[in-house]
Amino acid sequence: MIGDICQFLHTAPFEPFVIVTSRGNQYRVPSADHATVNPQGSRVVIWFDDESGVIISGLHIAAVEKEAPQKAKAA
């Protein structure tokens, strides 16, 4: 899963994605600046806009999903 996250982070143009943990928590990564993988490749750090963050062990990452495209609102 860490490899998938690295691919998402380095894809150009960047597309937002969601990391799902083994507990069912979902963390949206809106830009490449909001997440990084530690040098050992065992953890992911996700930063939120309120300057808080979360560290997720690679063992607890259940899925990495491309964010569903936003549907245009009817006028």
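Refer to the structure presented above.
Residues numbered from 1 in each chain as written. Predicted model: local features only at pLDDT ≥ 70, side-chain atom pairs only at ≥ 80, totals over all residues. Heavy atoms only, no water.

(A) Representation of the overall build of the protein in the model. A tally of helices and strands in the protein yields one helix and six strands. Scanning the protein from its N terminus toward the C terminus, one meets helices and strands in the order α-β-β-β-β-β-β. Taking the principal axes of its C-alpha atoms as reference, the protein extends roughly 50 × 30 × 25 Å. The buried share of the protein, taken over its 75 residues, is 28%. As displayed, the protein has an accessible area near 5,300 Å², and 52% of this comes from carbon and sulfur atoms. Positive and negative side-chain charges in the protein, numbering 6 and 8 respectively, have mean positions lying 7 Å apart. (Helix = DSSP H or I, 4+ residues; strand = E, 2+ residues; numbered from the N terminus. Buried < 20%, exposed > 50% of the residue type's maximum accessible area, 1.4 Å probe, protein only. Areas by Shrake-Rupley, 256 points an atom, 1.4 Å probe, with all protein chains shown as cover. Lys, Arg positive; Asp, Glu negative; His and termini not counted. Charge placed at Lys NZ, Arg CZ, Asp CG, Glu CD.)

(B) The sheet that holds strand β4 (residues 43–47), seen in detail. Strand order across the open sheet formed by three strands is β3-β4-β5, with antiparallel pairing between neighbours. Looking along the sheet, the strands with just one partner apiece sit at the ends: β3 (35–37) and β5 (53–57). Each strand of the sheet is rotated relative to its neighbour by a mean of 15°, with strand direction disregarded. Bridge count for β4 against β5 is five bridges, and the pairing is antiparallel. Within the sheet, the bridge partner assigned to V45 lies in β5 and is I55. (Pairing = 2+ DSSP bridges. Axes fitted to C-alpha atoms, helices over the stretch in contact; angles between N-to-C directions.)

(C) Local environment of the pattern of salt bridges. A complete count under the given rule lists two salt bridges for this structure. K66 is the salt-bridge partner of E15, the closest N and O atoms lying 3.0 Å from each other. With E15 in the loop between α1 (2–10) and β1 (17–21) and K66 in strand β6 (residues 61–66), the pair connects residues that are 51 residues apart, well separated along the chain. Residue E15 is classed as partly exposed on the basis of its relative accessible area, which comes to 34%. A salt bridge links R28 to E67; the nearest nitrogen and oxygen atoms lie 2.3 Å apart. In this pair, R28 is assigned in strand β2 (residues 26–29) and E67 in the segment after β6, connecting sequence segments 39 residues apart. (Salt bridge = Lys/Arg side-chain N within 4 Å of Asp/Glu carboxyl O.)

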